[in-house]
Amino acid sequence: MNLQTTSAVELQRLLNDGSLSSRELVDRCAERISDQEPSIGAFLTLSLDTAKAEAAASDERRRRGALLSPWDGIPVAVKDNICTRGLRTTCGSRMLERFVPPYDAAVVERLRTAGLPVLGKTNLDEFAMGSSTENSALQRTCNPRDTQRVPGGSSGGSAAAVAAGESPWALGSDTGGSIRQPAAFCGVVGIKPTYGTVSRYGLVAYASSLDQIGTFGRRVRDAASLLQLIAGHDARDSTSLPAETLQLGSDDPSVRGLRVGLPLEYLEHGLNAEIHQAVMDAVRRLEEAGAVVQELRLPLTDYAVETYYLIATAEASSNLARYDGVRYGYRAEADDSRGMFEMSRTEGFGDEVKRRIMLGTYALSAGYYDAYYKKAQQIRTMMRREYESAFEQVDVLLTPTSPTTAFAFGDKSTPLDMYLQDIFTVTSNLVGIPAVSLPCGEDSHKLPIGLQIMGPHFSEARLVETAEWLERQRNGGDSHDL
Amino acid sequence: MTYEPVIGLEIHVELLTATKLFCGCLTGFGAQPNSQCCPVCLGLPGALPVLNRRAVEFAVMAGLALGCRIHTRSKFDRKNYFYPDLPKAYQISQFDLPFCVDGAVSFELDGGPSEAGITRVHLEEEAGKSVHSGDSILGSTYSSIDYNRSGIPLIEIVTEPDLRSPEAAKAFLEQLRTTLQYTGVSDCKMQEGSLRCDANVSLRPVGQEPFGTKVEVKNMNSFRAVERALAYEIHRQTGVLTGGDTVSQETRAWDEARGVTVSMRSKEESHDYRYFPEPDLMPVTMEAPWIEGLRARLPELPLARKRRFCRDFSLSHDEAYQLTQSRETADFFEAAAALHPSPKAVSNWINGELARLLNEAGVAITVSPVTPEMLSKLLDYVKAGTISSTAAKDVLEDMFVTKRSAELVIKEKGLEQISDSDAIGSVVQAIIEAHPEEAAAFRAGKDKVLGFFVGQVMREMRGKANPQVVNELLRQKLRN
Ligand SMILES: [Zn+2]
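Conventions and cut-offs
- Residues numbered from 1 in each chain as written.
- Chains lettered and ligands numbered in written order.
- Predicted model: local features only at pLDDT ≥ 70, side-chain atom pairs only at ≥ 80, totals over all residues.
- Heavy atoms only, no water.
- Helix = DSSP H or I, 4+ residues; strand = E, 2+ residues; numbered from the N terminus.
- Rg over C-alpha atoms; globule rule 2.2 N^0.38 Å.
- Buried < 20%, exposed > 50% of the residue type's maximum accessible area, 1.4 Å probe, protein only.
- Contact = heavy atoms within 4.5 Å.
- Areas by Shrake-Rupley, 256 points an atom, 1.4 Å probe, with all protein chains shown as cover.
- Lys, Arg positive; Asp, Glu negative; His and termini not counted.
- Charge placed at Lys NZ, Arg CZ, Asp CG, Glu CD.
- Donors = N, O, S within 2.8 Å, 3.2 Å for Na, K, Ca; no water.
- Tetrahedral: all angles 85-135°; square planar, octahedral: opposite > 155°, others 65-115°.
- Phe/Tyr/Trp six-rings, centres within 6.5 Å; stacked < 30°, edge-to-face > 60°.
- Lys NZ or Arg CZ within 6 Å of the ring centre and 35° of its normal.
- Buried area = accessible area lost by both parts, 1.4 Å probe.
- Salt bridge = Lys/Arg side-chain N within 4 Å of Asp/Glu carboxyl O.
- Polar contact = N/O pair within 3.5 Å; in protein donor to acceptor, adjacent residues only side chain to side chain.
- pLDDT = per-residue confidence, 0-100.
- Pairing = 2+ DSSP bridges.
- Axes fitted to C-alpha atoms, helices over the stretch in contact; angles between N-to-C directions.
- Domains from an automatic or database assignment.

### Focus on the overall build of chain B
When you go through chain B residue by residue, the secondary structure sums to 15 helices and 16 strands. The C-alpha radius of gyration computed for chain B amounts to 30 Å, which surpasses the reference 23 Å derived for 480 residues by more than 25%, pointing to a less compact arrangement than a globule. In terms of its C-alpha atoms, chain B occupies a principal-axis envelope of roughly 95 × 55 × 50 Å. Looking at chain B as a whole, 51% of its 480 residues qualify as buried. The long-range fraction of contacts in chain B, counting pairs at least 24 apart against all pairs at least 6 apart in sequence, stands at 69%. Taken as a whole, chain B presents about 22200 Å² of accessible surface, with 50% of it coming from carbon and sulfur. A distance of 2 Å separates the average location of the 54 positive side-chain charges in chain B from that of its 64 negative side-chain charges.

Structure (structure tokens):
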């Protein structure tokens, strides 16, 4: 058994049958971390001593038969834009480099009450703005599949930690693809649930109406189980949906009769042939298993990136205004308070953050609001209708996760090149629907290709079942054992 | 040319909820600085707002009391600007869909009825409070910020430009304050900052329809200051216009000490607040029955109560107006008037002696040492002639200090008036007999001599004789 490639589901079995203790598991993760981190750099902050103590406490609970949850004792990594009490939360920014939150995010509370030790905080593009984790002001994270390449972003640290076997699973956040694209680049599974499924309380906001916490796993069932653990209503997040227990995963996944839509807009525009082929291979397998595949058009997809960047930057310009050096975070010295604001923000934020703040400020300015922000919201409403009507015809949509596989550092030299990375992922955030990315093959460089499955609101169970079926097909049988 | 002032007001009123607008922190005034805050009202990264239902109720009740229509579908918006005491660098407010619109407030001006329209009432959050080390932000070496106030619910009330004089503005504000205090949604204490007022003022030639250029006046800390600042500003603008210049659109601050307004910023420097819908809160939907439920919870409002007092208690408009200016005073009056047969007397005593005593002692009528029951008993004694009105004032003062009953005080002070005709009669008889010359003068038509006899009788009876009875008996016996 290779602990580093074993699924969380299998780890759970090992813990349950006594062949592994939580403390041993965390120790193995710590060893793997110290082995891998010099070349990967997934973590910004480690909390291994605490994690070991928590693991020992979990083992004690196991001895007493008082487990907090079925996943008690399995450690987890947390993206560093999710607040952890007493553990610094930097958002990959100079601005918050030394910020130690006095409270836990709702999801971290859930991890703790379920008995999951937190290994540490993972790297990200500064304030989750980016698609390669290159925008982190604090550290570079490399793709475990090829360390010359980026892990994707913005949750690149979490994806890399899972792919490198440093953590069985991890939390990320997804505003326009920030879970799914790094999952695709690193060859792991990522789930972005329906907006409102997971409480955002304690997630440092980038774009409030798009941000959603989700999960990474080496297997579909892992990511789904972790999602199930953190999902649920939270009164502290007014956009949190009423409690509805997520029941994810089935022992005998089936796709017979599944109506699969292939939106042509996602497959045109000179899509990389290898990625196209990998998607079509999945389509063929589904069809052979009795799924009904149909091509369809979602014309508003062509406006998705523009719409996304108007709304996201507008909200970001407001969300990030609080970093003024007054109460916490980076403070520059100046002669007066206005000067202090300006210098703190000039020195504390990186270029991409400043670029998005300026774009968003512009989009909300008097005289431009109607032409930009308001219009983007109108298109967003139209997109919602377009996707709703598509889901009257099909159960799921199948697309590539990303137009490329992992690219080399510095490869996307202009912001626009980078923004186009999000072309296939932003729509589900704009529409608020769930989406899963799972590995569906490799390109000629042995780099993983990601397949995205989207479904209507609250269709997580269907998405997970479909993804799990595809995963078993690729692995030829039981997905619990590599 | 003569000019007519056009005045509109913007009033901010803190709501009396127990907790803040978007978090569970307490709102009490005067706590240790920064002891009533949490990640939400400090704007910490990751914190999210949760709307306080009671604050919405209070805002809607305020709107209903001001005669507004309530939007059944509403939302919150972000108002973006940087300021050290604004922790998120945006204020959660309401932009284009306020809870309440199209109301009006009736008030009295120079004894006649007047009215000002209410454009809108919306709900928003307070900022923290900057405390400068020096007298003002300029010249201070540092400033501290108290976030206890951050997130306290606030309503902003915007009037139509319906007011035409500083006096009208003041009378309107007084009526507005009374109305809001009646509803119980705010204590409207200007000195504690729970009511604040800004004004927009412009001039136009009498008879001209379009408004002139308006100037916003801020920093007025009392109703008196509003009146003075507006009077100054009207005077200033009149000077500018008659001098052939144009008024520039700007924001000016009232300088209370110097009695002038000074320019704060011009129109060009004004903020672009970049309002947009608050994505962290859901739109607010209010069902009509819920709104009607709130309307049913409103108390009788001051103007209606004043009319009822005039009608049911035969009080003058002035008397009823004075009594109904505060809900507590009106309640006190009704409680006492229910126990004593003369509402007029109750009104006189509440508006007169009792008001003076409360005012001097700095005591609210709700905790008056003299209760409505005690006052009504005292007035019963006056009406029955047991004590004189003059004596009753002394008794009330004593009751106010000692909280004893009228009966006890009267007994102890021996103030009981003698109205018994026989007892007074024998003294009167003796005095007349002792002064035959003065008696003769009276009978000869010198009425003034009567005063001499009254004085003699009162002195003999140590002031306790009922003056009315003394008068009657003297006339009767002198004529015989
Ligand atoms: Zn608070």
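### Brief notes about the coordination of the zinc ion
All names here are of chain B. For the zinc ion, every protein donor is listed as Cys23 (SG), Cys25 (SG), Cys38 (SG) and Cys41 (SG), and the spread of their distances is 2.3 Å. Of note is the zinc ion, whose 4 donor atoms meet at the metal with angles of 101 to 116° in an arrangement that counts as tetrahedral. Read from N- to C-terminus, the donor residues coordinating the zinc ion fall into the pattern C-x1-C-x12-C-x2-C. Here Cys38 lies in the loop between β1 (3-14) and α1 (53-65) and Cys23 lies in the loop between β1 and α1, a separation of 15 residues in the sequence.

### A closer look at the packing of aromatic side chains
All names here are of chain A. Tallied over the full model, the rule gives 29 aromatic pairs over all chains. For the ring pair Phe185 and Phe407, a centre distance of 5.6 Å and an interplane angle of 90° mean the geometry is edge-to-face. Here Phe407 lies in the loop between β9 (396-400) and α13 (415-419) and Phe185 lies in helix α6 (residues 180-186), a separation of 222 residues in the sequence. Note on accessibility: Phe185 and Phe407 belong to one class, buried. An angle of 40° between the planes, with centres 5.4 Å apart, marks the rings of Tyr369 and Tyr373 as tilted. On the basis of relative accessible area, Tyr369 is assigned to the partly exposed category, the value being 21%. Put simply, the rings of Phe99, Phe127, Tyr323, Tyr328 and Phe349 pair up and form one aromatic cluster. Here the basic side chain of Arg140 rests over the ring of Phe409, its NZ or CZ set 3.7 Å away from the ring centre.

### Looking at the interface of chain B and chain A
Counting from both sides, the interface comprises 32 residues of chain B and, opposite them, 39 residues of chain A. Summed over both partners, the interface of chain B with chain A buries about 2700 Å², with 59% contributed by carbon and sulfur atoms. The interface formed by chain B and chain A holds 1 salt bridge in total. A salt bridge links Arg200 of chain A to Asp280 of chain B, with the nearest nitrogen and oxygen atoms 3.0 Å apart. The tally of links between chain B and chain A comes to 17 residue pairs in polar contact (both at pLDDT 80 or more).

### Quick look at the confidence of the model for chain B
On average, residues of chain B score 93 in pLDDT, and 100% of them reach the 70 mark or higher. Model confidence for the complex: the whole-complex pTM is 0.90, and ipTM, which rates the interface, is 0.95.

### Some words on the sheet that holds strand β12 (residues 215-220) of chain B
All names here are of chain B. What the 9 strands build is an open sheet, ordered β2-β6-β7-β10-β1-β11-β12-β13-β14; its pairing is mixed. For this open sheet the edge positions go to β2 (69-70) and β14 (260-266), each flanked by a neighbour on one side alone. Here β12 pairs with strand β13 (residues 250-255) via 4 bridges, running parallel. When the bridges of β13 are listed, Val217 appears paired with Arg252. Helix α2 (residues 166-183) contacts β1, β6 (100-109), β7 (112-125), β10 (153-159) and β11 (195-205) of the sheet and is inclined by roughly 115° relative to β6.

### Here we look at the domain arrangement of chain B
Many authors give the size of an interface as the accessible area that is lost as the parts come together. On domain assignment, one finds that chain B holds domain 1 (3-293), domain 2 (300-413) and domain 3 (421-478). The straight-line distance from the C-alpha centre of domain 2 of chain B to that of domain 3 of chain B is 34 Å.

### Regarding the sheet that holds strand β6 (residues 212-217) of chain A
Residues and elements named next belong to chain A. Pairing is mixed across the open sheet formed by 11 strands, whose spatial order is β1-β3-β2-β4-β6-β5-β10-β11-β9-β7-β8. Single-partner strands in this sheet number two, and they are β1 (43-46) and β8 (292-296). On average, adjacent strands in this sheet sit at an angle of 30° to one another, irrespective of strand direction. Pairing analysis gives 4 bridges linking β9 to strand β11 (residues 448-454), with the strands arranged antiparallel. Paired with Leu397 across the two strands is Met454, which belongs to β11. Running over the sheet, helix α15 (residues 460-475) touches β5 (189-192), β9, β10 (435-442) and β11 and is turned about 10° from β10.

### Looking at the environment of Leu25 of chain A
Residues and elements named next belong to chain A. Relative to the elements of secondary structure, Leu25 occurs in helix α2 (residues 22-40). A residue is classified by how much of its surface remains accessible, and Leu25, at 1% relative accessible area, is buried. For the pair formed by Leu25 and Arg322, sequence separation is 297 residues and the distance between their alpha carbons is 40 Å.

### A closer look at the pattern of salt bridges
Applying the stated criterion across every chain yields a total of 68 salt bridges over all chains. A salt bridge links Arg69 of chain B to Asp102 of chain B, with the shortest nitrogen-to-oxygen separation between them at 2.9 Å. Of this pair, Arg69 of chain B sits in strand β2 while Asp102 of chain B sits in strand β6; the two residues are 33 residues apart in sequence, bridging distant segments of the chain. On the basis of relative accessible area, Arg69 of chain B is assigned to the partly exposed category, the value being 47%. Residue Asp280 of chain B is joined to Arg78 of chain B by a salt bridge in which the shortest nitrogen-to-oxygen separation is 3.1 Å. In this pair, Asp280 of chain B is assigned in the loop between β15 (276-277) and β16 (284-285) and Arg78 of chain B in strand β4 (residues 77-80), connecting sequence segments 202 residues apart. Assessed through its relative accessible area of 0%, Arg78 of chain B is described here as buried. Within this structure, Arg200 and Asp237 of chain A together with Arg78, Glu278 and Asp280 of chain B form a network of salt bridges that share partners.

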